[in-house]
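Listed here are the chains, written in short residue letters.
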Amino acid sequence: MDKTIAQRNKQRVEDTFRVLDLMEDVRDIWRDAAPLQNLSEESRAALTKKIEKARKALDRIEASL
Amino acid sequence: MSFERVAIDELALNLNPLQTGGRASAAARKAAARFSDGYSVCDRCAGVLHDIEKPDIKCFAVELAEFVGMDRVAVTMGAREGKFAIFHTLSEPGRGAVLDANAHYSTYVAAQRAGLEVFKSTNTGDPDFRVTPDSFAETLEYCKSKTGKPAAAALLTHVDGDYGNLNDAAEFSKICKDAGVPLILNCAYSAGRMPVDGRALGVDFMVGSGHKSFAASGPVGFMGANGEWAERLFRTSLTHPNKNIELLGCTARGANIVSFMAALPGVKERVKRWDAEVAKAVRFVEAMESLGEIRQMGEKPKRHDLIRFETPLFHRIAENSRKRGYFLHSALADRGITGLKPGQTRWFKMSTFGFTDEQVDYLIEAFKEIARM
């Protein structure tokens, strides 16, 4: 396989798992705040950061199509 | 077909003691996602599951053995599979197995499947339901008098699933040693939640549960042996010399084992907070009993997070409720709390394991509100 294609594919899969991993972290934020999900400032900041990172990974996947 | 769960931990506080210690950590879930394909740990297998180095099952088995204080452990599909394997190793025709009075049904089934006659000790009954070393010694003696030989094995449930009583295993192991009977410690409700050291407790065998107490997806667990017993338990096949007989060659080989592996670092940290977990359970019991007509059953003060309550208060409220026996389950569900059996109001079992102090406060307030209904 062409090296560029191999690298592209690897990056796509890594980004896919990155999104999944970030969403697992988000699940823990919900779990720790259940059942009311009233987030502390700290949790809210952590959640926002995770969403941003996931969005970047999704953007990279989309850009690679 | 729908795969939506009834109890979702992101939305509700799940009190089911069977589930609180097995709530998979993010690390465990991430690892499981990478190994959800069947036989996925076998990419680099040379024929022995516990020798696989990528993922590093070989190191994990050593690390787990150190963590629980056993000379050697192997991953199983759960605690019950480990119990059967050990009973099967020790079983001989006409021999018996001595079990504590609070043993789980799977312990009986495992012993029976291995061809052993079961001899059950007594407990102290209401209110403590404790298993005493004396009753265990008497049962060992009784087994010997009935079968003509010492029991092939004795099994002590370290923490039972009915009352959450914690047995002082070291006392029982001394009795078993004096009687010449190998002791199996069932740590399904202890190892992974609290510090456990098999060597310090003097036990010969140990089983534990990944999905019950190690924050792993499962089905997964472990069995371990100390000293010369390890040779017998982990004996290999004559026809296939690298295959363990009692493991049927290989056991967990996918998302279950890697989730167990990934969960271990977090578990090592959480057992250091065991005193805080017990304090939470004690605080919760005090708050519940202060409502009146509620009694905690089993040893007091609690030394474990599994709590059993007798709750005439809720049964009385249920009798006047339109929802009758379902009122408690329904009232809890309205408050985002789950894990109790629908229809149960006379008594229930629950666990506070892993909840934050704020979540415990929330639970206490919820039960207070329901008590006023």
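Above this note sits the structure.
Computed from a predicted model, the values in this text were never measured in an experiment.

Participant: Would you mind going over the overall build of chain A with me for this structure?
Facilitator: Within chain A one finds two helices and zero strands. Over its C-alpha trace chain A gives a radius of gyration of 15 Å, far above what one expects of a compact globule, namely 11 Å for 65 residues. Expressed as a percentage of the 65 residues in chain A, the buried residues total 25%. Relative to all contacts within chain A whose residues are 6 or more apart in sequence, the contacts with residues 24 or more apart total 66%. Per element, the accessible surface of chain A, about 4700 Å² overall, is 54% carbon and sulfur. A distance of 4 Å separates the average location of the 14 positive side-chain charges in chain A from that of its 13 negative side-chain charges.

Participant: What should I look at first to understand the overall build of chain B in this one?
Facilitator: Regarding its fold elements, chain B presents 15 helices and twelve strands. Taking the principal axes of the C-alpha coordinates as reference, chain B spans close to 65 × 55 × 40 Å. Counting the 373 residues in chain B, one finds 57% classified as buried. Side-chain charges in chain B split into 48 positive and 46 negative, and the spacing between the mean points of these groups amounts to 4 Å.

Participant: Just checking my understanding: could you explain the interface of chain B and chain A for this structure?
Facilitator: Size of an interface, as often reported, equals the accessible area lost when the parts are brought together. Tallying the contact residues gives 17 residues for chain B and 14 residues for chain A. Approximately 1400 Å² of surface area, both sides summed, lies buried where chain B meets chain A, with 49% of it carried by carbon and sulfur atoms. When the area that chain B buries against chain A is broken down by residue, the three leading residues are Glu-10, Arg-29 and Lys-30 of chain B, summing to 44%. Taking the shortest distance from any N to any O, the salt bridge between Arg-34 of chain B and Asp-21 of chain A comes out at 2.8 Å. In this structure, the connection of chain B to chain A is made through ten residue pairs in polar contact (both at pLDDT 80 or more). Split into classes, the residues belonging to the side of chain B that touches chain A amount to seven nonpolar, three polar and seven charged.

Participant: When you look at the packing of helix H1 (residues 3-33) of chain A against helix H2 (residues 41-63) of chain A in this model, what are you seeing that I'm missing?
Facilitator: The angle between the axes and the distance between the axes are what describe a pair of packed helices. All names here are of chain A. At a minimum axis separation of 9 Å, H1 and H2 run at an interaxial angle of 160°. For the element pair H1 / H2, the angle class is roughly antiparallel. Considering only the axes of H1 and H2, their crossing is left-handed. Residues Gln-11, Arg-12, Asp-15, Thr-16, Arg-18, Val-19, Leu-22, Met-23, Asp-25, Val-26, Ile-29 and Trp-30 of H1 pack against Ser-43, Ala-46, Leu-47, Lys-50, Lys-53, Ala-54, Ala-57, Leu-58, Arg-60 and Ile-61 of H2.

Participant: When you look at a positive patch on the surface in this model, what are you seeing that I'm missing?
Facilitator: All names here are of chain A. Taken together, the side chains of Arg-18, Lys-49, Lys-53 and Lys-56 make up a positively charged region of the molecular surface. No other element matches H2, which puts three residues into the positive patch. Overall, the relative accessible area of 38% leaves Lys-53 in the partly exposed class.

Participant: Sorry, what's going on with the nonpolar core here?
Facilitator: The tendency in soluble globular proteins is for nonpolar side chains to be buried side by side. Leu-64, Val-68, Leu-140, Phe-214, Phe-222, Ile-257 and Phe-260 of chain B are the most contacted members of the largest nonpolar core, which totals 61 residues. The greatest single-element share of this core, amounting to seven residues, is contributed by helix H11 (residues 255-270) of chain B. In contact with Val-68 of chain B, other than residues within four places in its own chain, are Val-73, Ala-191, Val-196, Asp-197, Gly-198, Met-206, Phe-214 and Phe-222 of chain B. Counting 31 residues, the second-largest nonpolar core is a separate cluster that includes Ala-34 of chain A together with Val-285, Ala-331 and Phe-348 of chain B.

Participant: I would appreciate a short explanation of unusual backbone geometry in the present structure.
Facilitator: The bulk of non-glycine residues show a negative phi, and the bulk of peptide bonds are trans. Cis geometry marks the peptide bond from Ala-34 of chain A to Pro-35 of chain A, where omega comes out at -5°. Structurally, the position occupied by Pro-35 of chain A is in the loop between H1 and H2. Residue Pro-55 of chain B follows Lys-54 of chain B across a cis peptide bond; omega there is 0°. Although it is not a glycine, Tyr-39 of chain B adopts a positive phi angle of roughly 60°. Looking at the element boundaries, Tyr-39 of chain B is found in the loop between helix H2 (26-34) and helix H3 (57-68). By relative accessible area, Tyr-39 of chain B is classed as exposed at 55%. A positive phi is found at Phe-129 of chain B, a non-glycine position, where the angle reads about 55°. In this structure, Phe-129 of chain B sits in the loop between strand S4 (117-120) and helix H6 (133-147).

Participant: What am I meant to see in the pattern of salt bridges here?
Facilitator: When the charged atoms of two side chains with opposite charge come close together, those side chains can pair. The final tally for this structure, using the stated rule, is 35 salt bridges over all chains. Across the pair Arg-130 of chain B and Asp-128 of chain B runs a salt bridge whose closest N-O atoms are separated by 3.9 Å.

Participant: Explain the packing of H2 of chain B against H11 of chain B here, please?
Facilitator: Residue and element names in this part refer to chain B. Axis separation between H2 and H11 bottoms out at 8 Å; the angle between their running directions is 145°. For the crossing formed where H2 meets H11, the hand is right-handed. Only Ala-255, Val-258, Ser-259, Ala-262 and Ala-263 of H11 make contact with H2, whose side of the interface consists of Ala-27, Ala-28, Ala-31 and Ala-32. Of the residues in the contact of H2 with H11, the class split is eight nonpolar, one polar and no charged.

Participant: What is the right way to read the side chain of Asp-9 of chain B from this model?
Facilitator: Tracing the backbone through its elements, the reader meets Asp-9 of chain B in the segment before strand S1 (13-14). When sequence neighbours within four positions are dropped, the list of residues in contact with Asp-9 of chain B reads Arg-31 and Ala-34 of chain A together with Asn-14 and Arg-23 of chain B.

Participant: Can you walk me through the sheet that holds strand S9 (residues 295-297) of chain B in this structure?
Facilitator: The strands making up a sheet are joined through hydrogen bonds of the backbone, oriented either antiparallel or parallel. All names here are of chain B. What the three strands build is an open sheet, ordered S9-S10-S12; its pairing is antiparallel. Each edge of the open sheet carries a strand with a single partner, namely S9 and strand S12 (347-351). Between one strand axis and the next, the sheet turns through 35° on average, direction left out of account. Sheet topology note: the S9/strand S10 (residues 306-310) ladder contains three bridges and is antiparallel. Each bridged residue has a counterpart across the sheet, and for Gln-296 the counterpart in S10 is Phe-309. Along the sheet, helix H12 (residues 274-289) contacts S9, S10 and S12; its crossing angle with S10, the most-contacted strand, is approximately 10°.

Participant: Looking at this structure, how should I read the environment of Phe-355 of chain B?
Facilitator: Residue and element names in this part refer to chain B. In this structure, Phe-355 sits in the loop between S12 and helix H15 (357-371). It is 9.5 Å that separates the C-alpha atoms of Phe-355 and Leu-15, two residues lying 340 residues apart in sequence. Beyond its immediate stretch of four places on either side in the chain, Phe-355 contacts Leu-13, Asn-14, Leu-15, Arg-23, Lys-280, Val-360 and Leu-363.

What counts and how
- Residues numbered from 1 in each chain as written.
- Chains lettered and ligands numbered in written order.
- Predicted model: local features only at pLDDT ≥ 70, side-chain atom pairs only at ≥ 80, totals over all residues.
- Heavy atoms only, no water.
- Helix = DSSP H or I, 4+ residues; strand = E, 2+ residues; numbered from the N terminus.
- Rg over C-alpha atoms; globule rule 2.2 N^0.38 Å.
- Buried < 20%, exposed > 50% of the residue type's maximum accessible area, 1.4 Å probe, protein only.
- Contact = heavy atoms within 4.5 Å.
- Areas by Shrake-Rupley, 256 points an atom, 1.4 Å probe, with all protein chains shown as cover.
- Lys, Arg positive; Asp, Glu negative; His and termini not counted.
- Charge placed at Lys NZ, Arg CZ, Asp CG, Glu CD.
- Buried area = accessible area lost by both parts, 1.4 Å probe.
- Salt bridge = Lys/Arg side-chain N within 4 Å of Asp/Glu carboxyl O.
- Polar contact = N/O pair within 3.5 Å; in protein donor to acceptor, adjacent residues only side chain to side chain.
- Nonpolar A, V, L, I, M, F, W, Y, C, P; charged D, E, K, R; others polar.
- Axes fitted to C-alpha atoms, helices over the stretch in contact; angles between N-to-C directions.
- Parallel < 35°, antiparallel > 145°, perpendicular 65-115°, else oblique.
- Left-handed = near helix turned anticlockwise from the far one by under 90°.
- Patch = residues over 30% accessible without salt bridge, like charges linked within 9 Å, V, L, I, M, F, W, Y side chains within 5 Å.
- Core = buried A, V, L, I, M, F, W, Y, C linked by side-chain atoms within 4.5 Å.
- Pairing = 2+ DSSP bridges.

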